[in-house]
Amino acid sequence: LALCQKLSDNYDTIVEEYHALLKDHDNRFQSVTSINYDSGWRTLVLFYNGHRIPDFPSHLTLNLCPVTTQLLETVPLAGRIAGFNRQQPKTGIPLHSDGNNMWLTCQMGIDVPDDDDKASIRVGPETRRWKEGECLLYDTTYEHETFNDHAEQERVVLHVDQQSRVPPRCDRPGQQ
C-alpha cells in the first residue's frame, strides 16, 4: 500500500514530530470512544472526518508536524481519525468490532515496547505485533483487541483510518 511505504520512508521524521508535539501538547491526548475510557488508550487527533481538528491550532500541526500533516493530506481519510495513539502499560482495548466497512485502519509503530511479544493486536484469528517504522493494515469489521503487556513502556502508533476500496464483506447475516 502506498500509504504504508510513505509512512515507513518518513518514520524518523514522524517520530521527531511526535516528540515535538509531546513537549507542549501531552494534555491533548484523549479517549475518542467509550470503549477507550478505561482501556488506557488515548489519542492526539490531528484529523477528524478527513479534516484537521478545528480547535487544534493548524499552525501547531503545520509547524510541529509538517511532514506528518503533508502525508495525511495525500490520502483519502475516512470518517474517523488520523493521529497518534498511546496505550499505557498493562492495558488493552477489549474485543470489539466497529461494524463499518467504510475504512481500513493503518497503524505504524512509533514507540513500541522493547520486548517483541508485549504489544500486539488480534484481528479475527490472527495476532500481530507492532514494530517501529512498520505498518499494520486491518479491517475493523473483524473483531479485534489490543494488548500492551509491558510493565513500564507505553505503545505509540500513528493511526490512520482511510477510505476503503475493498468490497463489503458478505459473510454476515443480513449483508449482501
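Each remark here, short or long, concerns the structure printed above.
What this report covers is the structure whose coordinates are included nearby.

Reading the values: rules and limits
- By convention here, each chain's residues receive numbers from 1 onward along its written sequence.
- The model is predicted, so local features are restricted to residues of pLDDT at least 70 and side-chain atom pairs to those at 80 or more, both for listing and for counting; the totals for chains, interfaces and linings are taken over all residues.
- For side-chain calculations, the full set of non-hydrogen atoms in the structure is used, while hydrogens and water are omitted.
- Aromatic pairing here means that ring centres of Phe, Tyr or Trp (its six-membered ring) are within 6.5 Å. Orientation follows from the plane angle: under 30 degrees is stacked, over 60 is edge-to-face, and everything else is tilted.
- Only DSSP runs of H or I covering at least 4 residues are called helices, and only runs of E covering at least 2 are called strands; the numbering of each starts at the N terminus.
- Any residue under 20% of the maximum accessible area for its type is buried, any over 50% is exposed, and the rest in between are partly exposed; the area is computed with a 1.4 Å probe on protein chains only.
- For this analysis, a salt bridge means a side-chain nitrogen from Lys or Arg found within 4 Å of a carboxyl oxygen belonging to Asp or Glu.
- Here a polar contact means two N or O atoms within 3.5 Å. Within protein one must be a hydrogen donor candidate and the other an acceptor candidate, and residues neighboring in sequence count only if both atoms are side-chain atoms.
- Contacts were defined at the residue level, with two residues in contact if any of their heavy atoms lie within 4.5 Å.
- By the convention used here, strands pair only if DSSP detects at least 2 bridges between them.

## A short note on the packing of aromatic side chains
Taken as a whole, this structure holds 1 aromatic pair when the rule is applied. On the basis of an interplanar angle of 50 degrees and a centroid distance of 4.9 Å, the ring pair of Tyr18 and Phe84 is categorised as tilted. Pair noted here: Tyr18 is in helix α2 (residues 11-25) and Phe84 is in strand β3 (residues 77-87), with a separation of 66 residues, a long-range link. Comparing Tyr18 with Phe84, the two get one shared label, buried.

## A word on the pattern of salt bridges
Within this structure, the stated rule accounts for 3 salt bridges. Between Glu154 and Arg86 there is a salt bridge, with its nearest N and O atoms 3.1 Å apart. Note that Glu154 is positioned in the loop between β8 (144-148) and β9 (155-163) and Arg86 in strand β3, a separation of 68 residues in sequence. Linking Glu145 and Arg122 is a salt bridge whose minimum nitrogen-to-oxygen distance equals 2.9 Å. Of the two residues, Glu145 sits in strand β8 while Arg122 sits in strand β5 (residues 119-123), which places them 23 residues apart along the sequence. Overall, the relative accessible area of 16% leaves Glu145 in the buried class.

## Here we look at the side chain of Glu145
There is a polar contact of 2.9 Å between the side chain of Glu145 and the side chain of Arg122. Beyond its immediate stretch of four places on either side in the chain, Glu145 contacts Ile93, Pro94, Leu95, Ser120, Ile121 and Arg122.

## Overview of the pairing of strand β6 (residues 126-129)
When β5 meets β6, the two strands line up antiparallel, connected through 4 bridges. When the sheet's bridge partners are listed, Ile121 is paired in β6 with Arg128. The antiparallel pairing of β5 with β6 creates a hairpin that spans 2 residues between the two strands, and Gly124 there sits at a positive phi of about 60 degrees.

## Things to note about the environment of Thr74
Looking at where Thr74 falls in the secondary structure, it is placed in the loop between α4 (66-72) and β3. Each C-alpha atom of the pair Thr74 and Leu3 lies 8.6 Å from the other, and the pair is 71 residues apart in sequence. A polar atom in the side chain of Thr74 sits 2.6 Å from the backbone oxygen of Leu71.

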